[in-house]
Amino acid sequence: MNKLNIVEIPKDKVYNLIRENIKSCQVSPAERLTVGEYHHNISYDNAASALKHGILSLQEEYRLRGREMTLEEKIKFSREGGHINGIDEISLASMNIDFDNLYSGERIYDPASPYYVDILIADIIKTYRITEHYANEFLARDKIPTDFFLAIDVRILKYLEECDAGKKAVSHYNYLLDIISIMIEQKLDIPVREMSENPMTLSKVKMLTLPKIKLI
């Protein structure tokens, strides 16, 4: 991506420009996946790293940055400290459980969030179920390589409608372009889908030509 390819616009132009740019890259309706899958939600700013290095535990993410966790950090982010997947496991959600056979009061985690990138993962990875926080939560003990990624789903159009058409939406859009750039650089043949309204598969080649946005 040409780093000089930036368009400067006022906030009141953000909604229309992002919608038009994303919709211009649709190549087909998003195909329904026929294999079982897990979902892993990740922030937009961390998604590119997952596409480079796979999905890592928190402890491995620290090591990737060049340092070990301190004792205080290990305690803070441990399961006992309230961090769902602790420091050495990866949290996943499945929408393929029996939702008619839940205990009273059990909550369901909905991975279709406009706030995160939703990575769909093949169900052949090793996991175990944990219902401490959500009835449909699973944990993986090992790094999840990109070989097991089935799709990269975003819901930026939903974010525009329901949340904000300003600075944060621009940030999500710009990070999506970084994600696309990394995928092409890494030669990852994984579909990128916009799943907000009428789910669509996006052309990574077309997305790569889009300008980043800077608010003025």
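Since the structure is predicted, the reported quantities are computational estimates derived from the model, not experimental observations. (Residues numbered from 1 in each chain as written. Predicted model: local features only at pLDDT ≥ 70, side-chain atom pairs only at ≥ 80, totals over all residues. Heavy atoms only, no water.)

1. Section: the pairing of strand S5 (residues 117-122)
Let me state the cut-off plainly: Throughout this description, buried means an accessible area under 20% of the type-specific maximum (1.4 Å probe, protein chains only), exposed means over 50%, and partly exposed covers the range between. Secondary structure counts use DSSP, requiring at least four H or I residues in a row for a helix and at least two E residues in a row for a strand, with both numbered from the N terminus. Paired strands, as defined in this entry, are two strands with at least two bridges between them according to DSSP.
Of all six residues in S5, six are buried, a share of seventy percent or more. Of the two faces of S5, both are covered, the one formed by Val117, Ile119 and Ile121 as well as the one formed by Asp118, Leu120 and Ala122. Examined bridge by bridge, strand S3 (residues 37-42) and S5 share six bridges and lie antiparallel to one another. Its bridge partner lying in S5, Asn41 is registered against Asp118. Here four bridges tie S5 to strand S8 (residues 149-154), and the two strands are oriented antiparallel to one another. Following the sheet pairing, Ile121 is matched in S8 by Phe149.

2. Quick look at the pattern of salt bridges
This is how the line gets drawn: Basic side-chain nitrogens of Lys or Arg form a salt bridge, by our definition, when they fall within 4 Å of a carboxyl oxygen of Asp or Glu.
Summed over all chains, the structure comprises 11 salt bridges. Where Arg141 meets Glu89, a salt bridge forms, and the shortest distance between an N and an O atom there is 3.5 Å. Separated by 52 residues along the polypeptide, Arg141 in the loop between strand S7 (137-140) and S8 and Glu89 in the loop between helix H4 (71-76) and strand S4 (90-93) bring together distant segments of the chain. The network of salt bridges with shared partners includes Arg19, Lys23, Glu161 and Glu197.

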